[in-house]
Every structure is written in structure tokens, then in C-alpha cells.
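Residue-level structure breakdown
Here's the letter readout for the chains.
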Amino acid sequence: MRLRATVSVLAAVASLCAFGPLPPQNPGTAGNGTATMHGDSASSDTTPYPGPGSGPVSWSRTALASACPTVVIGGDGRPVALCTTIFGQTPTVHLLDPATGADLASLALPKGSLFGGVYAYLDATNALVVVDGDDDLLRIGHHLAGGAWSLTVDQSTSLAGAIPSGDDIVGLSPGWDGRIWFATAGGVIGTVDTSTGAVRTLATGEGVANSISTVPGHTAVATDHALYLLSEAPDGTPVVDWRAPYDRGPGRKPGQLSWGTGATPSFFGPGDGTEYVTLTDNAAPHENLLVYRVAGGPTPVCSTPVLTQYPQSGTEDAVIASGSSVFVTDTYGYPYPALPAGAPASVPASASFDGGMSRVDLNPGGDGCHPVWNSDVKSAALPRLSLADGRIYTLTVAGPTGTLGAQTFASYSYATVDPATGAQLSSSWIGLGLLYNPLQMTGTTAPDGTLYQGTETGVLRITRG
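In what follows, the accompanying structure is described. (Residues numbered from 1 in each chain as written. Predicted model: local features only at pLDDT ≥ 70, side-chain atom pairs only at ≥ 80, totals over all residues. Heavy atoms only, no water.)

1. Regarding the overall build of the protein
As a reminder, the rule being used: Helix and strand assignments come from DSSP, with helices taken as H or I runs of at least 4 residues and strands as E runs of at least 2, each series counted from the N terminus. Two things to know: the radius of gyration comes from C-alpha atoms, and the globule rule equals 2.2 Å times the number of residues to the power 0.38. Burial status follows relative accessibility: with a 1.4 Å probe on protein chains alone, a residue under 20% of its type maximum counts as buried, one over 50% as exposed, and anything between as partly exposed. We call two residues in contact when some of their heavy atoms are within 4.5 Å. Each accessible area is a Shrake-Rupley estimate made with a 1.4 Å probe; only the visible protein chains count as cover when residues are assessed.
Secondary structure summary: the protein contains one helix and 33 strands in total. Taken against the 2.2 N^0.38 rule, which gives 23 Å for 465 residues, the C-alpha radius of gyration of the protein at 20 Å falls within 12% of a compact globule. With the C-alpha coordinates of the protein rotated into their principal frame, the extents come out at 65 × 55 × 45 Å. In the protein, which comprises 465 residues, the share counted as buried stands at 61%. Considering only contacts in the protein between residues 6 or more positions apart, those separated by 24 or more positions represent 55%. Total accessible area computed for the protein in this model is approximately 15,900 Å², and 57% of it derives from carbon and sulfur atoms.

Written out as C-alpha cells, the structure is:
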């Protein structure tokens, strides 16, 4: 028995060591794992913190009448949620009580497009950095006075002169030199120095529908035609280091919000976490995982179909990328309740939602890659990999998942997945219908192990036991 226990412990340690490292800590953000929608500025979708685990859990729901795609947590441990109201689609910031999840304060912002008010990050001072519908770059702080919390705009920098009329900023991430990078839906990529107000831009002429990612010296932006790797001139003007076109497929797939990749690009690597950058294309019938060596130019070192356990596949989720491994989630056919203005009809017109995940590993030396597993775990959220406890955390869905079913009788559960095998380790039922639908949004694990998961109508707070 002692030998068997020792072998079990060694296997667990080996599993934990199989992933990582975390990307470099961006000096412009809160700590890795809780600073952005995707955990860090590299968009690795990993966390250094253990989650609620695979045993019994408790949960509560904070009703906000809003979809809440971004929950971030600073060094003070206080969750900040960026949500979009169901009625009016108004971006609204909420400060939550870390002990209960209760809404302590809120601040509505001028609205832009559906994508506006989605991507933001928490800076090193625990202020939320976001662009509002008036093209103002805001730093929103939370403050306690007289026993009551408030949210206030502590800094505002206008970007209006650099943004074409009718365009909206959708991607936002800080560089290592103090400037902040942004990308617009119309394909303008730029930097802003909030200390001087200087804005420098580059127009690609291509659409952008996802966020952007930054590591030391590099910024990655995925348009609806290509992946761009950029650096900057001394005055902050973006410089294209290389452009890698990808297969954008015959049209927008059902379960995606735009025509092209549905993924924010992710930096990762087994060395310092920045050697490679990856995203998915929109090829039919199966999308491909594409991996590029950052220093190697626009030829992928890995291009392989993923989610091949189904007749067709596609994703609106960023990947999990850590060490030499990439995990891809299938959202093909997922019934979003709303689409961005101008979104083209999907091809085909409709499809059922299969769910599922794939893991792909780079070959030793980084030349090529190989599938490790396909899983049928029906993830309804963008999963997050814990490097502390070696589990993937998500919410799953069962039952009717058509447009009406997902909002009424679909059953949503908290679940953990083994990253080594793709097997589901645990499942705890949460609830039915739109109150609990996570809309393929990602959860954030606090340092104390509490998981905050945005849903269509608010935020779930899930704890161990």
C-alpha cells in the first residue's frame, strides 16, 4: 500500500510538472491568473492558484441582469466584474464582496458595440483599464469612504482622434514599456501613452473580433484574415514583424460570433512562456491549431486539425496554452443569444452543439506537433488550467442545447477535467437555463481557491465544500 501511494504521489507531481511555466508577469497588470479575461497579458488561460477541487463544492449566485465575461482580482483580493446589461447592452463595472459575492458598487459606462465593454484588464494598482463607447481609455478605481464602496473614473485618456468614426476598440493589453496596446473592430492597431496622451496607430484593413496579447517586446493581434506579430518604433508606432494568413473558411460557423478565427492569440512555451504564439483558424470541416515560433516568422511549426471526434468543429474560445501543450474547446453550434451587428449568416445556417476538447502537444524541439487526446466533455465555458493542482476547471451542459433549450431546460454543472487524459474527474450540478448559462465565458480563480464564473445573468461564486 505504501508503494502504491508513493507511485500515486509521483504521478500527481509529474502531472503538475508537465505544464508551465506561467508567462512573465506584466508590470502593467495585476498578478498572473487574475489580471485579464484570459488570466494574464499573454492570454495563456492558466492560473497559479488551485481551484475548488474535484470534491464537494458550495456555490452562490450574484444576480446582475447582465452577462459578465470578465472577472478580475487584484492584490487586495476584491473581484471586479465587467458586464454588459441584458437590456440596453450597457457595459457596467461591478465591485464584488470577496466573502459573499455581493454587489458592493457599480458604474455604468457609455456603450459602443457588442464587443465593446468585454475586454479589459486590472492594472498593478488594482484599477480596471477599459475603453468606453466614447473611445475614452479609463482607469476605474474602487474606493472605500464612510463605510461605503464606490467606483470612480480616476484617469481618462481620449483616443477619439485616432479611431475612425463608427469604429470601436475591442482588444486592450499593456506593453512592458508603460504604453497600452489596442485594436479596433475595423483593424486599427495602436499604442497610447497615458502620461502624455500620445497615440500611434497602424491600419491593417482587416477586422478584429477578439482581444490582443502582449509579452516582453511582442504584441499579437488576430484579424479575420491573419495573425500579426508586432513590435514598436521608439515613438510607439506599431511595427509589423510578420503576418501569417490563415484559412478563414467558407463563412462564419454556427457557434462563432464573427467570420474568421474565434480565438485571442496566446503566447506560451516550455522555456520562459513566450517562445511560441498560437491560435485556431476557421477551416472546414475541422479547424486547425496553428503554432508559430515567435522568432521564426510566419511559417507555422504546427498545423493540425483539432476536435476531429465530430464531423465538424470550430471555436469562439481562446485556447489554453502552457508548456508544450495546447487545449482547444469546441463551440461549434453553441447557441449565443445575440450576435454583433453586421455578423454574416452562418455556414451552415444551424448546427447542434457537441462540445468537447482536444489536447495537442509540440514535439520535442518544437518542430511539429501531435494530438494527445480528444474528449467529449461538453464544456459550456472557456476552461482554465490550474498549474497549482493540475486540473482544468469549467462548466458543462447537458440536455437540450438549442436556442430555446439553452435558456430553459439545459442543465449546467461545475466540472473538473484531467489535463493528462481529458477525462472528467468530477461534476456538481449548478442549475437550469439562462440564470446559469456561462455563454462560453471563462472563470477566474482567486488566490483563496474561490472560482468566479460569469454567466448570462450575473456571476457564480464556487468554493470548496
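More follows now that the structure is in view.
2. Some words on the nonpolar core
One broad trend across soluble globular proteins is that nonpolar side chains are buried collectively. Heads up, the rule is: Among buried residues, the Ala, Val, Leu, Ile, Met, Phe, Trp, Tyr and Cys ones that are joined through side-chain atoms within 4.5 Å form a nonpolar core.
Judged by nonpolar contacts, the single largest core of 22 residues is most densely connected at Tyr334, Val397, Tyr412, Tyr414, Leu460 and Ile462. Among the elements of the structure, β28 (392-398), β29 (411-417) and β33 (458-464) are those that each provide at least two residues to this core. If one sorts the elements of this core by residue count, β28 sits on top with three residues. If you look at the next biggest cluster of nonpolar residues, it comprises 17 residues, including Val80, Leu95, Leu128 and Leu138.

3. Comments concerning the sheet that holds strand β13 (residues 188-193)
In plain terms, the rule: DSSP bridges decide pairing: two strands pair if at least two such bridges lie between them. As a rule, the C-alpha atoms of each element are fitted with a line to give its axis, helices using only the stretch in contact, and angles between N-to-C directions run from 0 to 180 degrees.
As summarised here, the arrangement of the four strands in space is β11-β12-β13-β14, forming an open sheet in which the pairing is antiparallel. One side of each edge strand has no neighbouring strand; the edge strands of this open sheet are β11 (169-174) and β14 (198-203). This sheet shows a mean twist of 20 degrees between the axes of neighbouring strands, independent of strand direction. Bridge analysis of β11 against strand β12 (residues 180-184) gives five bridges, and the strand direction is antiparallel. By the bridge assignment for β12, Ser173 is matched with Trp181.

4. Quick look at the pairing of strand β16 (residues 218-222)
The buried count for β16 comes to four of five residues, which makes it a mostly enclosed element. Count of turn residues in the strand β15 (residues 213-215)/β16 antiparallel hairpin: two residues, of which Gly217 carries a positive phi of about 85 degrees. Linking two consecutive strands that pair antiparallel, namely β16 and strand β17 (residues 226-232), is a turn of three residues.

5. Remarks on the packing of aromatic side chains
How we decide: The aromatic pairing rule takes the rings of Phe, Tyr and Trp, using the six-membered ring of Trp, and pairs them if the centres are within 6.5 Å, calling planes under 30 degrees apart stacked, those over 60 edge-to-face and the rest tilted.
Inspection of every chain in the model, using the stated rule, returns eight aromatic pairs. Seen from their ring centres, Trp242 and Tyr292 are 5.4 Å apart, and the 35 degrees between their planes marks the pair as tilted. Of this pair, Trp242 sits in strand β18 (residues 238-245) while Tyr292 sits in strand β21 (residues 288-293), and the two are 50 residues apart along the sequence. According to the relative accessible area criterion, Tyr292 is buried, its value standing at 2%. Centre to centre, the rings of Phe327 and Trp373 are 5.9 Å apart; their planes meet at 45 degrees, and the pair counts as tilted. Of this pair, Phe327 sits in strand β24 (residues 325-329) while Trp373 is found in strand β26 (residues 369-375), placing the two residues 46 residues apart along the sequence.

6. Here's the deal with the environment of Ala185
Note that Ala185 resides in the loop between β12 and β13. For Ala185, a relative accessible area of 31% puts it in the partly exposed group. The sequence separation of Ala185 and Gly171 amounts to 14 residues, and the corresponding C-alpha distance is 8.4 Å. Those residues in contact with Ala185, other than ones at most four positions away along the chain, are Asp167, Asp168, Val170, Glu206, Gly207 and Val208.

7. Digging into the sheet that holds β28
Strands pair in a sheet through their backbones, by hydrogen bonds, and they do so in one of two ways: parallel or antiparallel. Strand order in the open sheet formed by five strands is β1-β27-β28-β29-β30, with mixed pairing between adjacent strands. Every other strand in the sheet has two partners, leaving β1 (46-47) and β30 (424-432) as the edge strands with one partner each. Across two bridges, strand β27 (residues 384-386) lies against β28 in antiparallel orientation. Looking at the pairing, Leu385 lines up with Ile392 of β28.

8. Brief notes about the pairing of β17
In terms of burial, β17 is a largely internal element, six of the seven residues being buried. The pairing of β16 with β17 spans four bridges and is classified as antiparallel. Residue pairing across strands places Ala222 opposite Leu227, the latter belonging to β17. In textbook terms, the turn of a hairpin is the stretch between consecutive antiparallel strands, and for β17 and β18 this stretch comprises five residues, one of which, Gly236, has a positive phi near 95 degrees.

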